[in-house]
Amino acid sequence: MGEFKVHRVRFFDYMPTAIRAMAFNSRTERLALARADGALEIFNFADNYFQEKVIPGQDGRAVEALCWVGQRLFSAGLNGEITEYDLENLRPRYTVEAYGGPIWTISSNSQGTLLAVSRRERNFNDIQCFDFVFCDLLGRIISLSWHPSGTLIAAGMMDMIRIFDAETGRATHRLLVERGVGASKSKEVVVWSIVFLSDHTIVSGDSAGKVQIWDGVTGTLVRTQLVTKWDVLALSVSNDESSLVAGTSEGTVVQFQFISSTVGQQDKEWVRTRTFKNHSHDVRALAHTETAVVSGGMDTQLVVRPLLDKVEKNTQESALRKMTLPHRSLVCCAKKAGLLLFQFPDHLELWRLGESDGHGKPGDSLPVKRKPEKLIQLKRKGEDHICCSALSPCGGWLAYSTVTSFRLYRLQNNNISITKVSKLPKDLRSAHQLCFSPDSSKLFASSSHSSVIVVALNQPECKYLHTLKPKSGSRQPVHLLFASEDGKWLATANTDCEIHVYNLDKLKLHCTVPVYSSCPTAIAIHPTTSNLVAVHADQQIFEFSLVQKEYTEWSRKLQKQGLHSLWLERDTPITHVAFNPQNPAHIILHDTFMFCIIDQSLPLPEAKTPFYNQMTLRSLPEPQRIIHSHAFKICKNFQHLMCVSLLEDHSLVVVERPLLNIMSQLPAPVRQKKFAT
Amino acid sequence: MNKTITVDVLREPVRANHSTGLAGAEKQRFRWPLTFNCLFSRDPTSSTFFSSSMAALYEGYTLCGLAPAQNLLSSGIQGVEAERDSDHVVVTDSTRSVTLYKVSDQKPLSSWTVKQGQTLTCSAVYNSQTKEYVAVSDGKVIRIWKEEEILLDKAFKATVSSDVWRVHCVAGGEPVVLFQRGAVRLLDSLLSAPQQSIEEILAQEEVIRWSTNIVTESQQVVIFTTEQKGDHFLYLQRLNPNTLQRYRLEREEPGLSPLSFSASCRDKHICLLYLYPNGHVYQSVVPVRGLGADEGAQALLMPRSLLLALPIGEGLLEAASAQVLDDAHVAVVGVPHPSAGAGKDFLCIWNTNFQTLQAGKEMAGKIYGQLWRYSNKLFIPHGKTLSVIPYEWPKSSLASALGKLRQAKTEESKAPTSVPSWNNILHEEKAHPLRTVETRKTRTNRKSQSAPSLTNDHILELIKTAPVEEVQKEVEVLLSRMDVQGLQPSVGQLASTLVSRSLDDPTFYTPSSLAQLVHTRCLCHSVCPDLVLLALERKDYFLCQLCLQFFPDIPEAVTCACLKAFISMPDVDAEKVSVEPDGVSFMESLMARERGPLGLQNGFSPIEMDRSDSLGVGDTRAEDKEKATTPTVQICPVGLHKAVLLNEILQTAYSDSFLLPHLKDLSSQHVLLFLQYLQFLYLKYSQDAFPQMHGLRSPSLTQIMDWVCLLLDAHFTVLVMTPEAKGLLLNLHSFVKSQVRLVSELGKIEGSLQELNKMKVKKDVGQYSIEVIELF
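Residues numbered from 1 in each chain as written. Chains lettered and ligands numbered in written order. Predicted model: local features only at pLDDT ≥ 70, side-chain atom pairs only at ≥ 80, totals over all residues. Heavy atoms only, no water.

Looking at an unreviewed UniProt entry, one finds chain B named Nucleolar protein 11, with Sander lucioperca as its source organism. As its UniProt record puts it under Subcellular location (unreviewed entry), chain B is described as follows: "Nucleus, Nucleolus". (UniProt positions renumbered as here; feature names shortened; annotations may be inferred.)

The name an unreviewed UniProt entry assigns to chain A is UTP4 small subunit processome component, from the organism Sander lucioperca.

Now the structure itself:
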């Protein structure tokens with residue numbers, strides 16, 4: 001198969017931020033997740049938990065609460081604004097000032113017509129399409145929950161819970177919450193989270209570590225369960241209201257179930273059943289889906305823990321998933337120049353790779369003759385975070401975009417200078433995805449309604465050429481762009497799972513690849529055969545001939561035989577596809593945990609053949625290897641991959657971000673459970 | 001006897017080992033100490049032969065406070081010089097004053113100061129012949145005064161024409177003046193014409209780093225070292241007749257200059273010891289008498305030998321000093337203690353012959369790399385004080401020279417001596433009516449009873465004359481009074497005196513006192529070579545067992561004598577002997593299994609194995625063999641107590657080439673019995689997966705097999721001829737076969753196991769690396 005010189009890069013200090021809020025839309029099976037930097041992510045749970053959309057954050061936007069209203073997504077934050085997001089253009093649609101202090105919580109009634117938010121000063125208001133209803137109260141409302149009927153609202157406050165009539169705005173009950181024992185007796189207890197069930201049961205979680213069950217009709221305490229010595233920060237209830245989970249600042253998630261305590265008895269009660277410990281830090285956000293508990297918090301990981309009584313055991317569905325790294329590439333590699341561009345929310349870093357003139361046996365580390373160096377650190381302008389960036393293959397152009405602005409820079413690498421291109425076409429205001437043509441003469445920027453703006457790059461100015469539009473009329477954003485090596489084709493993929501291929505000579509749509517049910521996670525066009533390779537979130541691989549406008553023979557064979565089960569069981573998507581110019585039969589793919597070279601000339605692995613067979617092959621003598629080898633060559637030497645790319649000199653660049661490094665950079669857990677405490 | 005011989009002896013066992021081709025790390029464990037034992041056993045009376053000793057540092061005390069320089073680089077002391085006797089020193093500070101101290105009183109007797117603006121440029125010395133002090137101020141002004149003169153300014157002054165480096169004066173020699181440019185004058189001759197011209201000996205850019213003055217019976221020598229562009233030279237200036245010799249020191253690693261020098265004189269040779277920042281201590285020896293011809297010519301390269309490689313922890317040493325104490329000991333200050341982490345503020349005494357640490361002491365505060373030694377006191381400036389630390393070498397032995405490090409190790413594996421084992425307390429009540437380890441209450445009681453308590457010397461006198469009971473009582477009191485650390489020197493003396501009285505006086509024997517002394521673990525065979533033989537003579541097998549257990553250095557001849565005595569002892573007698581309870585309980589548990597049903601583990605059956613071996617041979621033979629072997633397999637051939645004693649023999653260290661000749665003295669009957677016992681042990685071990693499961697003291701399987709091999713080696717022809725031994729030999733053969741099989745099976749998987757080991761090594765990946773991978 002061959003030897004590769006690998007640049008093993010670990011200096012990309014990518015740091016995900018803490019998860020602050022979560023909302024699960026059970027109708028669309030989308031999870032919305034808000035991070036501490038204001039960024040919003042949408043995960044499609046129906047499509048292998050693929051992170052299909054990312055709305056970049058903004059300085060000063062601190063999302064405290066998220067809420068789905070039908071397909072619409074609202075957020076509220078400590079900056080006192082309520083925001084609705086435009087999920088098609090990946091930006092806030094509009095923002096409403098709530099005319100008060102920070103907003104702690106937001107909640108919609110089940111009819112999807114009313115939103116309730118709690119503010120600091122006037123304490124409480126209802127909005128119905130921005131009609132405010134004030135309820136003058138004392139005390140801060142930390143948490144809110146609508147009764148499914150839409151007539152009552154429960155509000156968690158300091159030391160108490162109040163139940164309001166949503167129509168009159170009057171409080172009907174006041175439930176006093178007991179403070180913690182000992183030293184915390186003097187401290188106010190904060191009701192961090194509250195859930196109003198349809199049988200008028202109210203469940204509250206508070207800073208004294210209690211989960212309390214109240215009867216909302218009589219206003220009495222039914223049961224108290226002390227689950228932690230610290231805070232219960234989040235609560236979430238399943239749709240059928242039979243199961244409830246509570247997240248604590250110890251990093252545990254405690255499940256309660258509404259069951260009868262003795263077998264055969266009719267009267268059910270809330271019983272503490274399971275405890276999950278998948279987090280090292282506070283669990284700030286929780287979602288209870290049909291089959292799983294989704295949790296996130298300070299340790300930045302999104303954890304999906306399937307409930308084993310709801311899923312079939314020992315299947316892929318029952319596996320625990322932890323998602324830390326994004327499902328899109330934050331690294332751009334200039335193949336010809338040997339440069340790497342790292343995208344951070346607030347800056348870009350441009351690095352030059354090191355050099356080595358040594359040769360070595362497989363397994364050796366070569367002496368590094370020239371160390372890698374950081375050439376440029378470019379801070380973004382404005383308060384919006386960077387949403388995409390690109391570096392031209394020659395290393396001469398750099399572009400990035402936020403939701404409100406677009407910037408293009410000219411780079412001179414020999415004397416490291418950067419100049420901003422000031423005259424930009426008017427159409428180019430913002431982009432979801434950027435891509436340079438291989439000869440660095442054109443820039444492609446995906447815009448609204450899946451359109452792509454083509455810009456010709458020549459100094460001193462760049463000229464708008466054309467806008468490519470698909471015929472499908474999809475309104476979804478394009479999240480993948482790929483320009484073929486010969487400059488003839490441009491492929492785009494959007495979150496409607498459509499892949500369009502444009503002919504750049506004619507500036508016309510060439511074809512649309514048959515739409516597959518799963519979202520593409522990586523696409524690429526082969527430099528010589530002009531076959532488009534697309535990998536989808538469900539790990540399927542398709543090869544589509546652009547010339548014949550049909551799936552290739554190899555692709556059909558692959559579909560017929562099916563992919564190996566171990567390939568399908570991987571839980572991170574393929575985020576990059578590349579080709580080896582030395583051997584046209586090679587396709588290079590990678591996910592977080594491995595990179596793989598598919599040799600199309602070799603037989604596909606059968607269901608019973610050992611899939612990860614590199615160790616076996618290594619131990620075999622040369623002539624026997626060919627008998628045992630199959631198309632998938634998988635290398636797991638490098639882990640937590642952010643990028644695998646092939647340079648022009650045929651050496652591989654591997655950008656690793658070991659999760660341990662991320663963990664070690666997290667702040668110390670605020671409240672760590674120590675043994676015997 | 002001379003040290004050089006000791007060194008030769010040390011090398012010998014290595015050679016011997018090569019020639020005899022002994023194998024097995026087990027046997028080489030005690031390689032060289034055992035060679036000493038052999039020498040002892042050849043000539044047990046020559047205990048003086050081994051002149052090494054155990055050094056000890058005593059509690060130090062402060063002589064005076066220091067005024068260290070602001071940057072803490074220098075201690076503020078220029079020098080400490082001996083005065084009239086061992087209890088007086090003259091301390092010169094780095095600015096203006098000279099102070100005379102009475103060391104034991106920690107008190108200044110008088111002090112002299114030069115005028116403001118003047119500085120003392122070399123430390124004041126005391127000329128014991130004229131009872132005058134000599135010092136130099138401002139480089140060129142020599143000042144001489146007597147103790148009764150109070151004002152230094154009114155004392156005698158003479159200005160010389162060149163800058164003085166140091167004035168040296170040692171007892172028995174005249175004061176000499178060493179000039180900065182290398183010239184040397186006797187003080188008297190210099191003062192006769194102070195302005196005489198002084199020649200320049202040293203080259204440009206060559207500067208003196210250190211100097212000293214040594215007086216032997218025939219010659220006074222001034223020694224000084226110089227540095228010139230990174231090269232270091234040693235000058236030997238002999239006086240009357242004046243000859244000068246120049247040596248070049250070998251270069252250490254580039255950039256490293258010696259931190260300190262120390263010179264001593266022995267056997268008409270000058271021994272120079274120098275310490276480098278990398279912890280290496282080198283020794284160079286030059287003759288006091290000149291070589292004659294090549295004087296003053298080209299600088300000779302001085303041969304050196306690495307004496308010690310001190311552990312230095314992290315980084316190089318900065319302020320450290322090494323000082324010769326005697327031909328085998330070096331005091332080092334400013335070097336980390338090997339078992340106390342990285343701190344460099346330790347004063348350690350190292351034995352250079354054995355490379356062992358003899359004593360260590362932590363010095364509080366900064367160490368300036370200064371160290372002086374007069375008579376048996378070390379003077380160390382540290383922090384803001386100048387401390388005096390007395391040290392001593394009590395007469396001791398090889399075993400103690402093995403050093404503190406080794407003691408620490410043994411104490412880890414064994415129970416520390418100061419912690420009583422319940423077994424010992426419960427079972428030894430008879431043997432020791434009163435243990436050394438007592439409650440505080442009883443101890444104070446005893447103290448009050450026997451007060452005023454007798455000192456060590458008194459007891460030694462007492463032992464020579466007093467009746468048994470009194471001696472026993474006093475020894476016990478003494479042992480209970482002393483703490484374990486301080487015990488070491490006196491225990492040897494006590495034991496030797498007790499043993500020699502017992503040898504002289506057949507009616508005198510104090511088994512309990514001796515056992516107590518052995519129990520302290522401060523005793524070893526070489527300190528008291530007659531003890532084991534005395535115990536054998538008096539049939540005190542309990543003491544023998546204790547000695548075998550606690551002495552690390554029992555000679556093979558004595559081991560063999562014990563073996564002979566144990567094996568020939570009738571079982572009836574043996575059961576009357578009181579023995580260590582640990583061993584008894586081990587043997588009891590081992591023997592208890594022989595009576596119970598034979599629970600074979602993992603289907604292992606030695607009898608079946610025999611059958612498979614005898615396949616093809618007639619059934620009758622197999623039956624015969626079973627008759628012959630099964631009884632020996634099932635029943636222990638010796639009594640319980642005898643077995644315990646024999647186990648002790650098995651666990652002693654030995655070197656087989658020295659043991660073999662002594663083993664040949666055993667009679668064939670005894671050999672047969674012993675072999676049967678060993679076979680019994682072997683079977684028990686291999687059947688029950690038994691060994692060491694109880695944490696009791698018990699011989700290891702390897703030890704048993706080694707003894708089997710040794711006995712067979714020593715008596716093979718005799719055994720072959722003895723008809724009773726036939727079955728035994730056949731059995732042993734099958735054991736060997738099974739062992740060989742095991743080893744060969746292990747050998748087969750050796751490669752795989754090693755690969756496993758290699759795989760575990762994980763490289764630390766930095767921020768960036770370029771690697772080569774291969775995909776198949």
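On we go from here.
(A) Broad picture of the overall build of chain A. When you go through chain A residue by residue, the secondary structure sums to five helices and 56 strands. With 677 residues in all, chain A has 58% of them scored as buried. Considering only intrachain contacts with a sequence separation of at least 6, the fraction spanning at least 24 residues in chain A is 47%. (Helix = DSSP H or I, 4+ residues; strand = E, 2+ residues; numbered from the N terminus. Buried < 20%, exposed > 50% of the residue type's maximum accessible area, 1.4 Å probe, protein only. Contact = heavy atoms within 4.5 Å.)

(B) The arrangement of the sheet that holds strand E21 (residues 300–302) of chain B in detail. All names here are of chain B. Pairing in this open sheet of five strands is mixed, and the strands run E14-E15-E16-E17-E21 from one edge to the other. A strand with exactly one partner marks an edge of an open sheet, and here the two such strands are strand E14 (207–215) and E21. Taking the axes of each pair of neighbouring strands and ignoring which way they run, one obtains an average angle of 30° across the sheet. Note: strand E15 (residues 220–228) against strand E16 (residues 231–239), nine bridges, orientation antiparallel. Across the sheet, residue threonine 226 finds its bridge partner in E16, namely phenylalanine 233. (Pairing = 2+ DSSP bridges. Axes fitted to C-alpha atoms, helices over the stretch in contact; angles between N-to-C directions.)

(C) Spotlight on the pattern of salt bridges. If you walk through the whole model with that rule in mind, you get 40 salt bridges over all chains. The shortest N-O distance in the salt bridge between Glu252(B) and Arg304(B) comes to 3.2 Å. With Glu252(B) in the loop between strand E17 (243–249) and strand E18 (260–266) and Arg304(B) in the loop between E21 and strand E22 (305–309), this pair connects stretches of sequence that are 52 residues apart. According to the relative accessible area criterion, Glu252(B) is buried, its value standing at 10%. Several salt bridges share partner residues, and in doing so they unite Arg8(A), Arg10(A), Glu656(A) and Glu771(B) into one network. (Salt bridge = Lys/Arg side-chain N within 4 Å of Asp/Glu carboxyl O.)

(D) Molecular detail of the packing of helix H15 (residues 556–568) of chain B against helix H21 (residues 656–663) of chain B. Residue and element names in this part refer to chain B. Contact pair H15 / H21: the axes reach a minimum separation of 9 Å and the direction vectors enclose 40°. What the angle tells us is that H15 and H21 run oblique. Where H15 crosses over H21, the two elements pack in a sense that is right-handed. Side by side, H15 and H21 meet where Glu556, Ala557, Cys560 and Leu563 of the first sit next to Phe658, Leu659, His662 and Leu663 of the second. Of the residues contributing to the contact of H15 with H21, the split by class is six nonpolar, one polar and one charged. (Parallel < 35°, antiparallel > 145°, perpendicular 65-115°, else oblique. Left-handed = near helix turned anticlockwise from the far one by under 90°. Nonpolar A, V, L, I, M, F, W, Y, C, P; charged D, E, K, R; others polar.)

(E) Main features of the interface of chain A and chain B. Facing 34 residues of chain A, the contacting portion of chain B comprises 13 residues. The junction of chain A with chain B conceals about 2,300 Å² of combined surface from both sides, 59% of it contributed by carbon and sulfur atoms. In this assembly, chain A and chain B are joined by one salt bridge. Notably, a salt bridge pairs Arg8(A) with Glu771(B), separated by 3.1 Å at the nearest N-O pair. Breaking the side of chain A that touches chain B down by element, the ones donating at least two residues are strand E1 (2–9), strand E33 (365–366), strand E53 (595–599), helix H3 (614–619) and strand E54 (632–635) of chain A. Sorting elements by how many residues they give to the side of chain A that touches chain B places E1(A) first, with eight residues. Here the residues of the side of chain A that touches chain B are counted per class, giving 15 nonpolar, nine polar and 10 charged. In this structure, E1(A) lies alongside strand E30 (residues 768–775) of chain B, joined through eight bridges in antiparallel fashion. Counterpart to Phe4(A) in the pairing with E30(B) is Ile773(B). (Buried area = accessible area lost by both parts, 1.4 Å probe.)

(F) Just the state of the cysteines, in detail. Within this structure, the stated rule accounts for zero disulfides over all chains. Cys562(B) provides the cysteine sulfur closest to Cys544(B), a residue in no disulfide bond, and the two sulfurs are 4.6 Å apart. (Disulfide = S-S within 2.5 Å.)

(G) Local environment of the packing of helix H10 (residues 468–481) of chain B against helix H12 (residues 511–519) of chain B. Residue and element names in this part refer to chain B. Where H10 contacts H12, the axes come no closer than 9 Å and their chain directions differ by 20°. In terms of orientation, H10 and H12 fall into the roughly parallel class. Here H10 runs over H12; the crossing is left-handed. Facing Gln472, Val475, Glu476 and Leu479 of H10, the residues of H12 in contact are Pro511, Ser512, Ser513, Gln516 and Leu517. Of the residues belonging to the contact of H10 with H12, the class tally is four nonpolar, four polar and one charged.

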